[in-house]
Amino acid sequence: MPELFLTNSLSRRKERFTPLDPSHVRMYVCGPTVYDLAHLGNARAMVVFDVLARLLRALYPRVTYVRNITDIDDKINTRAAESGEPIGAITARTTADFHADMAALGVLPPDVEPRATGHVPEMIEVIERLIASGHAYAAEGHVLFAVASFSEYGRLSGRSPDELLAGARIDVAPYKRDAGDFVLWKPSTPDQPGWDSPWGRGRPGWHIECSAMSWRYLGETFDIHGGGRDLIFPHHENEAAQSLCAFPGSHFARMWLHNGMLLVNGEKMSKSLGNFFTIRDVLDRAPAEAVRLLLLRAQYRAELDFSDVALAEARKELDRFYRALERHPDAVAGAVPEPVMGALCDDMNTPLALAALHALADAALAGEADAAAGLRASGLLLGLLGADPAAWFRGGADGAEIDAAIAARLAARKARDFARADAIRAELAAKGIVLEDGPGGTTTWRRAS
RNA sequence: GGUCCGGUGGCAGAGUGGUGAUGCAGCGGACUGCAAAUCCGCGAAUGUGGGUUCGAUUCCCGCCCGGACCUCCA
């Protein structure tokens, strides 16, 4: 079995992945806050960790992958107040949209997908532990984490507590002991969603959700915690602080993985900047599989600039892969060839893996059936190339009408009326249909990429 | 301002202390009525100034440029 190496944000180094329990690998990834459609940046994180989950499953006998749904959040409350739509309706609809987007992108469901609303008692329990051990305090209906009580605070994000306090640029609430203290629990007004707690009716802070849900499903210490690089601070720093203090002696996540940001025109795509494409926007313009490939064309830690050019290139790459598979219809996915597995095991080097896929495609096109089998297997590991080549090239178009046009063109060619034959071809081209003449008067067609 | 990450052909994007992958685009050729696809071939890159070294794109330092984070963010 090849050894897996991953870059741990905690050490900022590439490390050999050594699971706590090799018979059961456990991973937690921060899922979406369900108040609006997911954008392509969200998709990147989901696709990256989907590939990691697939890779782990290929390497280890059992993997538990937990990815939460955050359905308690003030952005949701704000949205409900603005639109008048009930909170439960917003979160249910947005969750369903998210699931549909993930399915389109070939992102497999996680093993457990806990929702914050279903785990408030666990959150309260974690908070009570923190208060009991002196790491948190109640003040004016709030419960706050005392960053001064945790000497390791700032380790993940690489900041010293002093810097964090000095850099605090928000108004510091008067009930905070330190400017860097963050909310574990806050009071709700009667019109806001709330749960009864030892501190009155209120709702949890954002970070505590993940601490509670990872604990519930993966235990105090687990193998991998993933998310976008922009979550390192404050979210993951705070999450780690809470969990490490609530469960003394634990390690929480042994390895932290963070994917780079998706950029648009050199700037981060984010909801707050408003420069985002929703996943649906992009799926209207290109096949979902091309979008997935696009997201895997850069190494996960690097930034990735989204563009229509890149999308078109991804589509053409898939054309070539599917052409190679079409050449060998009987090739069944076999073992994943070493160059592909080796690249993925080296810190999920998907661009290098894709280069290996191109080499397999070349060999398959040259006639090697084994290469086609390896190509198919490699694609499947990446969540790609699962379609029938015919569906990729010709799905969704009216075959009968095209066949009739091809027949008419064939007749014109036999009569050596090439002007007419070319006119028919041009008409089809205008409709996005490309013809390919084979030997012996056969003609096949495909949609233009 | 502080912390961190990065700068590789026209574009995208890997690797590497010793003649710089891969894809897209471009150019030439084969094939084709012409194309398309496929095949063969070609040109084309390590931001900048130092240092270490027999040798640096790779390691170290400065500079320039870009990006992320600094309590909403994947």
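Before reading further, recall that the structure is shown in the block above.
Keep in mind the model is a prediction, meaning the values are calculated, not measured.

Novice: What is the right way to look at the packing of helix 2 (residues 74-83) against helix 3 (residues 87-104) in this model?
Specialist: When two helices pack together, their arrangement is captured by the angle between the axes and the distance separating the axes. The contact between helix 2 and helix 3 brings their axes to 9 Å, and the two run at 115°. Taken together, the axes of helix 2 and helix 3 lie roughly perpendicular to each other. The crossing of helix 2 and helix 3 is right-handed. Contacts between helix 2 and helix 3 involve I76, N77, R79, A80 and S83 from the former and I87, I90 and T91 from the latter. Across the contact of helix 2 with helix 3, the residue classes tally to 4 nonpolar, 3 polar and 1 charged.

Novice: Teacher, can you tell me more about the packing of helix 12 (residues 350-365) against helix 13 (residues 369-381) here?
Specialist: Two elements in contact, helix 12 and helix 13, have axes whose closest approach is 8 Å; the angle formed by their N-to-C orientations is 150°. Between helix 12 and helix 13, the angle is such that the two are roughly antiparallel. Seen along the crossing, helix 12 lies across helix 13 with a hand that is left-handed. Contact with helix 12, carried on its side by L357, L360, A361, A363 and A364, involves A371, A372, G374, L375, S378 and G379 of helix 13 and no other residues of that element.

Novice: I keep staring at the pairing of strand 15 (residues 443-447) and nothing clicks. Help me out?
Specialist: Within a regular strand, side chains alternate between the sheet's two faces. The element strand 15 is extensively covered by neighbouring structure, given that 4 of its 5 residues are classed as buried. The pairing of strand 14 (residues 433-437) with strand 15 spans 5 bridges and is classified as antiparallel. Along strand 15, the bridge assignment pairs D437 with T443. Where strand 14 hands over to strand 15, the hairpin turn is made up of 5 residues, of which G440 adopts a positive phi near 70°.

Novice: Any chance you could explain helix 12 here in plain terms?
Specialist: The periodicity of an α-helix, 3.6 residues per turn, causes residues three or four places apart in sequence to face the same way. The end-to-end C-alpha distance of helix 12 is 22 Å, a good match for the 22 Å that 16 residues give at a rise of 1.5 Å each. Residues T350, A353, L354, A356, L357, L360, A361, A363, A364 and L365 constitute the buried set of helix 12. Against helix 9 (288-296), helix 10 (308-326), helix 11 (338-345) and helix 13 lie the buried residues of helix 12. The opening residue of helix 12 is N349, an N-cap whose side-chain oxygen sits 3.1 Å from the backbone nitrogen of L352. After helix 12 finishes, the residue G367 shows a positive phi value of roughly 115°.

Novice: Please clarify how the state of the cysteines should be interpreted in this entry.
Specialist: Every disulfide links exactly two cysteines, by a covalent bond between their sulfur atoms. One pass over the structure, following the stated rule, counts 0 disulfides. Left unpaired, C30 is separated from the closest cysteine sulfur, that of C210, by 3.9 Å. According to the relative accessible area criterion, C30 is buried, its value standing at 8%. Left without a disulfide partner, C245 is nearest to the cysteine sulfur of C210, which lies 17 Å away.

Novice: Got a minute to help me understand helix 9 in this structure?
Specialist: With respect to burial, helix 9 is a largely interior element, 9 of its 9 residues being buried. Restricting attention to buried positions, one finds in helix 9 the residues A288, E289, A290, V291, R292, L293, L294, L295 and L296.

Novice: Would you mind going over the protein's contact with RNA strand B with me for this structure?
Specialist: Close to RNA strand B lie 55 residues; W206, G228, L231, K268 and E303 are nearest. Within 4 Å of the protein, the contacting atoms of RNA strand B are drawn from sugar and phosphate to the extent of 62%. In this structure, a sugar or linking oxygen belonging to RNA strand B sits 3.2 Å away from a main-chain N or O atom of G158. D422 places a polar side-chain atom, nitrogen or oxygen, 2.6 Å from a base nitrogen of RNA strand B. Here the surface near RNA strand B is built from residues that sort into 19 nonpolar, 16 polar and 20 charged.

Novice: I would appreciate a short explanation of the packing of aromatic side chains in the present structure.
Specialist: For any pair of aromatic rings, geometry is given as the distance between the ring centres together with the angle between the planes. For the structure shown, the criterion picks out 10 aromatic pairs. The interplanar angle of 50° and the centroid separation of 6.5 Å between the aromatic rings of Y28 and F222 together place this pair among those described as tilted. On the criterion of sequence distance, the pair formed by Y28 in strand 3 (residues 25-29) and F222 in strand 9 (residues 221-228) is long-range, its members being 194 residues apart. For the pair Y28 and F222, one class covers both residues: buried. Aromatic side chains W185 and W199 sit 5.9 Å apart centroid to centroid with 55° between the ring planes, which places their arrangement in the tilted category. You can see W185 sitting in strand 7 (residues 182-187) and its partner W199 sitting in the loop between strand 7 and strand 8 (202-204), a full 14 residues away along the chain. As far as burial versus exposure is concerned, W185 and W199 are alike and both buried. Site record: aromatic cluster; members linked through ring pairs are Y28, F222, F252 and W256. Of note, R159 hangs over the ring of F233, and the distance from its end group to the ring centre comes to 4.9 Å. Note that R285 overlies the ring of F277, its terminal NZ or CZ placed 5.0 Å from the centroid.

Novice: Is there a simple way to think about the environment of R13 in this case?
Specialist: Considering the arrangement of structural elements, one finds R13 in strand 2 (residues 13-16). Placed 168 residues apart in sequence, R13 and D181 show a C-alpha to C-alpha distance of 29 Å. R13 has contacts with L6, T7 and N8, leaving out every residue within four places of it along the chain.

Novice: How do you make sense of the pairing of strand 10 (residues 252-259) when you look at a structure like this?
Specialist: Most of strand 10 sits inside the fold, with 7 of its 8 residues counted as buried. Bridging between strand 9 and strand 10 involves 7 bridges; their strand directions are parallel. The partner of G226 across the bridge, within strand 10, is L257. Read from strand 9 through helix 7 (residues 232-246) to strand 10, the crossover connection turns out right-handed.

Novice: Is there a simple way to think about the sheet that holds strand 10 in this case?
Specialist: Strands in a sheet are paired, the pairing made by backbone hydrogen bonds, and the direction either parallel or antiparallel. In spatial order, the strands read 4-3-9-10; together these 4 strands make up an open sheet with parallel pairing. The sheet is open, and its two edges are formed by strand 4 (63-67) and strand 10, each paired on a single side. In this sheet, neighbouring strand axes are inclined to one another by 20° on average, regardless of whether the strands run parallel or antiparallel. Bridge count between strand 3 and strand 4: 5 bridges; the pairing is parallel. Along strand 4, the bridge assignment pairs R26 with T64. Most of the contacts of helix 7 go to strand 10, to which it runs at about 175°, and overall it touches strand 3, strand 9 and strand 10.

Rules and cut-offs
Residues numbered from 1 in each chain as written. Chains lettered and ligands numbered in written order. Predicted model: local features only at pLDDT ≥ 70, side-chain atom pairs only at ≥ 80, totals over all residues. Heavy atoms only, no water. Axes fitted to C-alpha atoms, helices over the stretch in contact; angles between N-to-C directions. Helix = DSSP H or I, 4+ residues; strand = E, 2+ residues; numbered from the N terminus. Parallel < 35°, antiparallel > 145°, perpendicular 65-115°, else oblique. Left-handed = near helix turned anticlockwise from the far one by under 90°. Contact = heavy atoms within 4.5 Å. Nonpolar A, V, L, I, M, F, W, Y, C, P; charged D, E, K, R; others polar. Buried < 20%, exposed > 50% of the residue type's maximum accessible area, 1.4 Å probe, protein only. Pairing = 2+ DSSP bridges. Expected span 1.5 Å × (residues − 1). Polar contact = N/O pair within 3.5 Å; in protein donor to acceptor, adjacent residues only side chain to side chain. Disulfide = S-S within 2.5 Å. Near = heavy atom within 4 Å. Phe/Tyr/Trp six-rings, centres within 6.5 Å; stacked < 30°, edge-to-face > 60°. Lys NZ or Arg CZ within 6 Å of the ring centre and 35° of its normal. Right-handed = clockwise from strand over helix to strand, strands pointing away.

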